[in-house]
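# Structure at a glance
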Amino acid sequence: MNTTPTRRAARALGLALALAGTTALAALPAPTPAQQQAAAAKKAQADAQAAQDKVRLAASMDAVSARWRARAAAQGWRTHPPVAIAAAGTGAAAAAVGAPAGQPEGKLTPAGAAAPMRSEKSGTAPPSSDVKAGPTKAEPAGTAPTVVKDTPKVHNR
């Protein structure tokens, strides 16, 4: 067999990649109980840090809001009372996060389901007034352009 050095190198490279690919498909061993405990402790520590960060963020936002409200009152601006926000992940606030606006529990109400759908795209509504009625008409050949592309002469020198 007559092979050049580059072909031999290419074959060797291909064989090496094939062997590397098969070792990459090997399954990892299951974690030991000590590794599982370490991972659980690390997750608990991260969760505790996230909870602390959330509390610090809420306190910071409250301080900024209070400072802004004090300045607004001093400058005579009209302010509205702050809105109470439920804690994240509790009660109706958590359920309403994924729900569409105005839909209880994310389900369409019977009145909403019975309402007729009106859409220009689906053809159930007339087109808007700003929609072109038809294609722009072509100008006859030889007609002068309606837009002048030259720079106007300015006499302000």
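### Quick notes on the overall build of the chain
Broken down by element type, the chain carries 4 helices and 0 strands. For the chain, the sequential pattern of α-helices and β-strands runs α-α-α-α. The buried share among the 157 residues of the chain stands at 2%. With the model as given, the accessible surface of the chain reaches about 14500 Å², and the carbon-plus-sulfur share is 63%.

### Structural notes on the packing of aromatic side chains
Counting across every chain of the model gives 1 aromatic pair. Seen from their ring centres, Trp68 and Trp77 are 6.1 Å apart, and the 45° between their planes marks the pair as tilted. For Trp68, a relative accessible area of 43% gives the class partly exposed. Of the residues examined, Trp77 reaches a relative accessible area of 45% and is grouped as partly exposed.

### Description of the environment of Thr143
Here Thr143 shows up in the segment after helix H4 (110-114). There is a polar contact of 2.7 Å between the side chain of Thr143 and the backbone oxygen of Pro140.

### Here we look at the confidence of the model for the chain
Per-residue confidence for the chain gives a mean pLDDT of 80; residues scoring 70 or more make up 81%. Mean pLDDT in the chain bottoms out at helix H3 (residues 91-97), which sits at 49, and peaks at helix H2 (residues 33-74), which reaches 94.

### Remarks on H2
With 42 residues, H2 extends 61 Å from end C-alpha to end C-alpha; this agrees with the ideal 62 Å at 1.5 Å per step. Positive phi shows up at Gly76, right after H2, with a value of about 80°.

Definitions and cut-offs
Once a new chain begins, its residue numbering starts again from 1 and follows that chain's sequence as written. Note on the predicted model: pLDDT of at least 70 is required for a residue's local features to be given, and 80 or more for side-chain atom pairs to be given and counted; whole-chain, interface and lining totals, by contrast, use all residues. With hydrogens and water stripped out, all remaining heavy atoms of the structure feed into the side-chain values. Helix and strand definitions follow DSSP, with helices as H or I runs of at least four residues and strands as E runs of at least two, each counted in order from the N terminus. The rule is simple: take the accessible area with a 1.4 Å probe, protein chains only, and divide by the maximum for that residue type; under 20% is buried, over 50% is exposed, in between is partly exposed. Each accessible area is a Shrake-Rupley estimate made with a 1.4 Å probe; only the visible protein chains count as cover when residues are assessed. Centre distance within 6.5 Å is the pairing criterion for rings of Phe, Tyr and Trp, where only the six-membered ring of Trp is used; planes under 30 degrees apart are then read as stacked, over 60 as edge-to-face, and the remainder as tilted. N or O atoms closer than or at 3.5 Å make up a polar contact, with two conditions inside protein: a donor-capable atom paired with an acceptor-capable one, and, for residues adjacent in sequence, both atoms drawn from side chains. Think of pLDDT as the predictor's per-residue confidence, scored from 0 to 100. For a helix, the expected span equals 1.5 Å multiplied by the number of residues minus one.

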